Amino acid sequence: MQANDPTKLEATLADGRRMTLSLPTTDAKWAADGIQGLRAVPPTHAGRGEEPPALPEEPAVPLQVALLGLGA
């Protein structure tokens, strides 16, 4: 994290990649503290997890039936 730029937050991820977060100035009261209002949160899990199940194979809908769904 760079201490000399109050609008940027820099971090190095566990795999060595660097991440930079910058917030523009704003008049919003909830963001008045800028990046000083942010805090680090440890990851809850690593990786992608399980792949979702494949979509079922369905036959193509005839054009006339598809157009009915569009209100034509």
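Owing to the predicted nature of the structure, the values given are computational and were not obtained by experimental measurement.

Q: Please set out the overall build of the protein residue by residue, giving values where relevant.
A: Check the secondary structure of the protein and you find one helix and two strands. Mapped from its N terminus to its C terminus, the protein presents α and β elements in the order β-β-α. Taking 11 Å as the expected radius of gyration for a compact globule of 72 residues, we find that the protein reaches 24 Å, considerably beyond that expectation. Once the C-alpha set of the protein is aligned to its principal axes, its extents read approximately 65 × 35 × 20 Å. Buried positions account for 4% of the 72 residues belonging to the protein. Counting only contacts in the protein whose residues sit at least 6 apart along the sequence, the fraction spanning at least 24 positions is 20%. Here the protein displays about 7,200 Å² of accessible surface, and carbon together with sulfur accounts for 58% of that area. When the 6 basic and 9 acidic side-chain charges of the protein are each reduced to a single mean position, those positions are 10 Å apart.

Q: If you had to explain the pattern of salt bridges to someone new, which residues and values would you point to?
A: Applying the stated rule across the entire model yields three salt bridges. The closest approach of N and O atoms between Glu51 and Arg48, which form a salt bridge, is 3.0 Å. Each member of the pair, Glu51 together with Arg48, is exposed.

Q: For a nonpolar patch on the surface, give the residues involved together with the corresponding values.
A: Where nonpolar side chains cluster on the molecular surface, the patch consists of Leu21, Leu23 and Leu38 and spans about 220 Å² of accessible area. Within the secondary structure layout, Leu23 lies in the loop between strand 2 (18–22) and helix 1 (63–69).

Q: Outline the side chain of Glu10, supporting the account with residue identities and numerical values.
A: Structurally, the position occupied by Glu10 is in strand 1 (residues 8–12). A distance of 2.8 Å separates a polar atom in the side chain of Glu10 from a polar atom in the side chain of Arg18.

What counts as what
- Residues numbered from 1 in each chain as written.
- Predicted model: local features only at pLDDT ≥ 70, side-chain atom pairs only at ≥ 80, totals over all residues.
- Heavy atoms only, no water.
- Helix = DSSP H or I, 4+ residues; strand = E, 2+ residues; numbered from the N terminus.
- Rg over C-alpha atoms; globule rule 2.2 N^0.38 Å.
- Buried < 20%, exposed > 50% of the residue type's maximum accessible area, 1.4 Å probe, protein only.
- Contact = heavy atoms within 4.5 Å.
- Areas by Shrake-Rupley, 256 points an atom, 1.4 Å probe, with all protein chains shown as cover.
- Lys, Arg positive; Asp, Glu negative; His and termini not counted.
- Charge placed at Lys NZ, Arg CZ, Asp CG, Glu CD.
- Salt bridge = Lys/Arg side-chain N within 4 Å of Asp/Glu carboxyl O.
- Patch = residues over 30% accessible without salt bridge, like charges linked within 9 Å, V, L, I, M, F, W, Y side chains within 5 Å.
- Polar contact = N/O pair within 3.5 Å; in protein donor to acceptor, adjacent residues only side chain to side chain.

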